[in-house]
Amino acid sequence: MRPNIVSEARLQTRFGQWWDNIPFLTSAVVIVCSIIYLVCLLIGYDSFFEICFLPSAIISRFQVYRIYTSIIFHGSLLHVLFNMMALVPLGSELERIMGSVRLFYMIILLATTNAIFHVLIALLVAYMPLLSYPNLMSECAIGFSGILFSMIVIETSLSGAQTRSVFGLFNVPAKWYAWILLVVFQILMTNVSLLGHLCGILSGFAYTYGLFNCLIPGSTFYSTIESSSLLSSCVRRPKFIMCTGGNPSAYIPTHSSSNTSSSGLISGNIWRNLSSWMPQRGMSTQATQESSRFPGRGRNLGGQSQTAPADSTLEARLLDNSNLDHSPDAAAIQHQVLDERRSSVGSAAAVSRGNAHHQDDSVVSDEDIQKLVSMGFERTQVEVALAAADGDLNVAVEILSQQG
């Protein structure tokens, strides 16, 4: 009995870890759709004709609520299970990129545009003069799959993948992935809504090409919602992802807002811009510029503003390498700068040796010394260089680099 207990505990632990890794909004959608299906199953509710997406009812009776009720109701256990299992990876990845509030707005936007495309195509097909098909106006559709097809298009465009696997059986070009899924599902399950899935694909492509940018609010809108007292309990949850640290332009990432060429929609270059879309926790701009450390080589340290050193002439000459390289007397000037540096270093060494027990914290601090020592420089040379640079880290790094 003990091995069974251990295996059950491991299974519960793995499920708990899997569930904890799902962001707030994605897990909320899974819970809402699952609870609604279970309640309908327990009370025997099957009057989906009252809440499904029905173009004729939306046009004739203006029942706009069907646009949103139809996406949270499902007709069978396999229907809700398949949709929610597909939502978890798609929604989790997009929510980590956009933030919880922004993803919720995107879902509402996609549901609305899917409905508009659905009604327009149904009207167009129903009243075509030569080959009309009026049954589309009375087609009742429910389920989250239309939003899922939009998410597939958006996630594929952001991933930069060149190919995608269809159920692990074969690979297809990424730009045809959604269309092939549309055909495969229509062949395998004949009772699915072809028009609903098609409109989801159309909305996804319209979104990735930036056609909905005029409908996307700015960062103030999301910040106001996140700071609202109504959402305070949700925002405090660890799985909630803030969107204020995401895209600086306050737009959900789209093809046109990424400032890439048209061929970059399916290219890997889009991933290089995801750092500006990812919700981040208090990271400074300079901290993200340099991600790796190279011992013995100088790099900018500290994001705060620093006062100019006393010897501004020496600093200017040390940092103005580009002007020295193009000067006709570059060699002579370089020797002159090195002589000045050596004299400054020598005088600073004498001062530091004479005042070894009287350290001036305003010029040389232990924190600055530790920063340079961690870069691979010797502590004695670091103290001398900081003294020569009057405490300026950038000039000290230049001095130490010249010595190396």
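Residues numbered from 1 in each chain as written. Predicted model: local features only at pLDDT ≥ 70, side-chain atom pairs only at ≥ 80, totals over all residues. Heavy atoms only, no water.

A. Fine view of the packing of helix α5 (residues 77-98) against helix α7 (residues 145-159). Look at α5 against α7: their axes get within 10 Å of each other, and the N-to-C directions meet at 45°. Considering the angle they form, α5 stands oblique to α7. Here the hand of the crossing between α5 and α7 comes out left-handed. Across from Asn83, Ala86, Leu87, Leu90, Gly91, Glu93, Leu94, Ile97 and Met98 in α5, the residues of α7 making contact are Ser145, Leu148, Met151, Ile152, Ile154, Glu155 and Leu158. For the contact of α5 with α7, the per-class residue count stands at eleven nonpolar, three polar and two charged. (Axes fitted to C-alpha atoms, helices over the stretch in contact; angles between N-to-C directions. Helix = DSSP H or I, 4+ residues; strand = E, 2+ residues; numbered from the N terminus. Parallel < 35°, antiparallel > 145°, perpendicular 65-115°, else oblique. Left-handed = near helix turned anticlockwise from the far one by under 90°. Contact = heavy atoms within 4.5 Å. Nonpolar A, V, L, I, M, F, W, Y, C, P; charged D, E, K, R; others polar.)

B. Structural context of the nonpolar core. One finds Met106, Phe144 and Met151 to be the most contacted residues of the largest nonpolar core, which totals 48 residues. Those elements that place two or more of their residues in this core are α2 (24-43), α5, α6 (100-126), α7, α8 (177-188) and α9 (194-208). Among the nonpolar cores identified, the runner-up in size contains 15 residues, and Leu372, Val382, Ala385 and Val397 belong to it. (Core = buried A, V, L, I, M, F, W, Y, C linked by side-chain atoms within 4.5 Å. Buried < 20%, exposed > 50% of the residue type's maximum accessible area, 1.4 Å probe, protein only.)

C. Spotlight on the state of the cysteines. Evaluated as defined, the whole model comprises one disulfide. Shown here is the disulfide that connects Cys52 with Cys140, its sulfur atoms set 1.7 Å apart. Here Cys52 and Cys140 share a disulfide; its torsion about the S-S bond, -130°, makes the bridge left-handed. Taken together, the residues Cys52 in the loop between α2 and α3 (55-60) and Cys140 in the loop between α6 and α7 connect sequence positions 88 residues apart. The class of Cys52 is buried, set by a relative accessible area of 0%. The partly exposed category is assigned to Cys140, whose relative accessible area is 36%. (Disulfide = S-S within 2.5 Å.)

D. Examining a nonpolar patch on the surface more closely. Taken together, the side chains of Phe82, Phe167, Leu169, Phe170, Val183, Ile187, Leu188 and Met189 make up a nonpolar region of the molecular surface, amounting to roughly 830 Å² of accessible area. Ranked by residues supplied to the nonpolar patch, first place goes to α8 with three residues. Examined against the element boundaries, Phe167 turns out to sit in the loop between β1 (163-166) and β2 (170-173). Phe167 gets classed as partly exposed once you look at its relative accessible area, which sits at 46%. (Patch = residues over 30% accessible without salt bridge, like charges linked within 9 Å, V, L, I, M, F, W, Y side chains within 5 Å. Areas by Shrake-Rupley, 256 points an atom, 1.4 Å probe, with all protein chains shown as cover. Salt bridge = Lys/Arg side-chain N within 4 Å of Asp/Glu carboxyl O.)

E. Geometry of unusual backbone geometry. For Phe62, which is not a glycine, the phi torsion comes out positive at approximately 55°. Examined against the element boundaries, Phe62 turns out to sit in the loop between α3 and α4 (66-69). A positive phi angle, close to 55°, is found at Phe167, a residue other than glycine.

F. Fine view of the confidence of the model for the protein chain. Across the protein chain, the average pLDDT comes to 74, with 68% of residues at 70 or higher. Between residues 245-328, whose pLDDT stays under 50, and residues either more than four places distant or in other chains, the model counts 143 contacts. Of the regions scoring below 50 in pLDDT, residues 356-363 engages in seven contacts with residues more than four places distant in sequence or in other chains. (pLDDT = per-residue confidence, 0-100.)

G. Structural context of the packing of aromatic side chains. Inspection of every chain in the model, using the stated rule, returns eleven aromatic pairs. Consider the rings of Trp18 and Trp19, whose centres lie 6.3 Å apart with planes at 50°: the pair is tilted. Judged by relative accessible area, Trp19 falls into the partly exposed class, the value being 23%. A ring pair is formed by Phe82 and Phe185, whose centres lie 5.6 Å apart and whose planes are at 85°; its orientation type is edge-to-face. Pair noted here: Phe82 is in helix α5 and Phe185 is in helix α8, with a separation of 103 residues, a long-range link. For Phe185, a relative accessible area of 9% puts it in the buried group. (Phe/Tyr/Trp six-rings, centres within 6.5 Å; stacked < 30°, edge-to-face > 60°.)

H. Quick peek at helix α17 (residues 379-388). What α17 keeps buried is the set Val382, Val384, Ala385, Leu386 and Ala388. Downstream of α17 by a residue or two, Asp390 has a phi angle that is positive, lying close to 60°.

I. Quick peek at the side chain of His197. The topology assignment puts His197 in helix α9. Since its relative accessible area comes to 6%, His197 is described here as buried. Excluding residues within four positions of it along the chain, His197 makes contact with Ser145, Gly146, Phe149, Leu182 and Val192.

J. Structural view of the layout of surface pockets. Taken as a whole, the largest pocket spans an internal volume of roughly 1,000 Å³. Residue lining of the largest pocket: 42 residues in total, with His79, Asn83, Ser145, Gly146 and His197 positioned closest to the centre. Only α5, α6, α7, β1, α8 and α9 provide two or more residues apiece to the lining of the largest pocket. (1 Å grid on protein atoms, 1.4 Å probe; cavity = no way out; pocket = protein on both sides within 12 Å on 5 of 7 lines; lining within 4 Å. Points joined across faces, edges and corners; volume = space filled by probe spheres on them.)

K. Examining the pattern of salt bridges more closely. This structure, assessed with the given rule, holds two salt bridges. Across the pair Glu155 and Arg164 runs a salt bridge, and its minimum N-O distance is 3.0 Å. Take Glu155 and Arg164: they sit in the same class, and that class is buried. When the shortest N-O distance is used, the salt bridge between Arg379 and Glu383 registers 3.4 Å. On the criterion of helical spacing, the pair formed by Arg379 and Glu383 is a turn pair, its members being four residues apart in helix α17. On the accessibility criterion, Arg379 (37% relative accessible area) is partly exposed.

L. Layout of the environment of Phe377. Here Phe377 lies in the loop between α16 (366-374) and α17. Taking the relative accessible area as the measure of exposure, Phe377 reaches 10% and is therefore buried. Residues Phe377 and Val397, spaced 20 residues apart in sequence, show a C-alpha to C-alpha distance of 9.4 Å.

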